[in-house]
Amino acid sequence: QVQVVESGGGLVQPGGSLRLSCAASGSIIRVYVMGWYRQAPGKQRELVARIIDGGNTHYADSVKGRFTISRDNAKNTVNLQMNSLKPEDTAVYYCNADIRAPSTPRYDYWGQGTQVTVSS
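Residues numbered from 1 in each chain as written. Predicted model: local features only at pLDDT ≥ 70, side-chain atom pairs only at ≥ 80, totals over all residues. Heavy atoms only, no water.

1. Regarding the pairing of strand 4 (residues 30-39)
Bridge count for strand 4 against strand 9 (residues 91-100) is eight bridges, and the pairing is antiparallel. Note on strand 9: the bridge partner recorded for Trp 36 is Cys 95. Pairing of strand 4 with strand 5 (residues 46-52), which is carried by six bridges, proceeds in the antiparallel orientation. Note that in strand 5 the partner of Arg 38 across the bridge is Glu 46. Turn length for the strand 4-strand 5 hairpin, with the two strands adjacent in sequence and antiparallel, is six residues, and the turn residue Gly 42 shows positive phi of about 80 degrees. (Pairing = 2+ DSSP bridges. Helix = DSSP H or I, 4+ residues; strand = E, 2+ residues; numbered from the N terminus.)

Below, the structure written as structure tokens:
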């Protein structure tokens, strides 16, 4: 079985920083893409940033220059460093991992979500 578990998040003032971490565990052959999505109340889930196993990254325009995604392929972990946070970054953040497990095709696994609140 494969699990994706996030950690981090919390309450921070505008302009502050937070770091989210995510780990994929279980019987894994390969993790292709890892990423972070977020969903604010009343809005659709949106991509924040993703990184492929070769290291290429993609960011939403709204977070470019403020957020940095990184991963450790050996540990199947991905981090999201969030700086210069704004109230509009408030959302539940979800980790996503595109994983190949034994005897199964590639599949998108999701974490349970972690709340990020930016408020004074």
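Let us keep going from here.
2. Focus on the state of the cysteines
A disulfide bridge is the covalent bond that connects two cysteines by way of their sulfur atoms. Counted according to the given criterion, the structure contains one disulfide. Covalent S-S linkage joins Cys 22 and Cys 95, the inter-sulfur distance amounting to 2.0 Å. On the sign convention where negative is left-handed, the bridge of Cys 22 and Cys 95, at about -80 degrees about the S-S bond, is left-handed. Taken together, the positions of Cys 22 in strand 3 (residues 18-26) and Cys 95 in strand 9 put the pair 73 residues apart, joining distant regions of the chain. Using a relative accessible area of 1% as the deciding quantity, one classes Cys 22 as buried. Under the relative-accessibility criterion, Cys 95 is labelled buried at 0%. (Disulfide = S-S within 2.5 Å. Buried < 20%, exposed > 50% of the residue type's maximum accessible area, 1.4 Å probe, protein only.)

3. Some points on the environment of Pro 102
Mapped onto the fold, Pro 102 is located in the loop between strand 9 and strand 10 (107-110). Judged by its relative accessible area of 38%, Pro 102 is partly exposed. Ignoring sequence-local partners within four residues, the contact set of Pro 102 consists of Ser 27, Ile 28 and Ile 29. (Contact = heavy atoms within 4.5 Å.)

4. Considering the side chain of Asp 98
Within the element layout of this structure, Asp 98 appears in strand 9. Accessibility expressed as a relative area gives 11% for Asp 98, which makes it buried. Among all residues touching Asp 98, those that are not within four sequence positions of it are Arg 30, Val 31, Tyr 32, Val 33, Arg 106, Tyr 107 and Asp 108.

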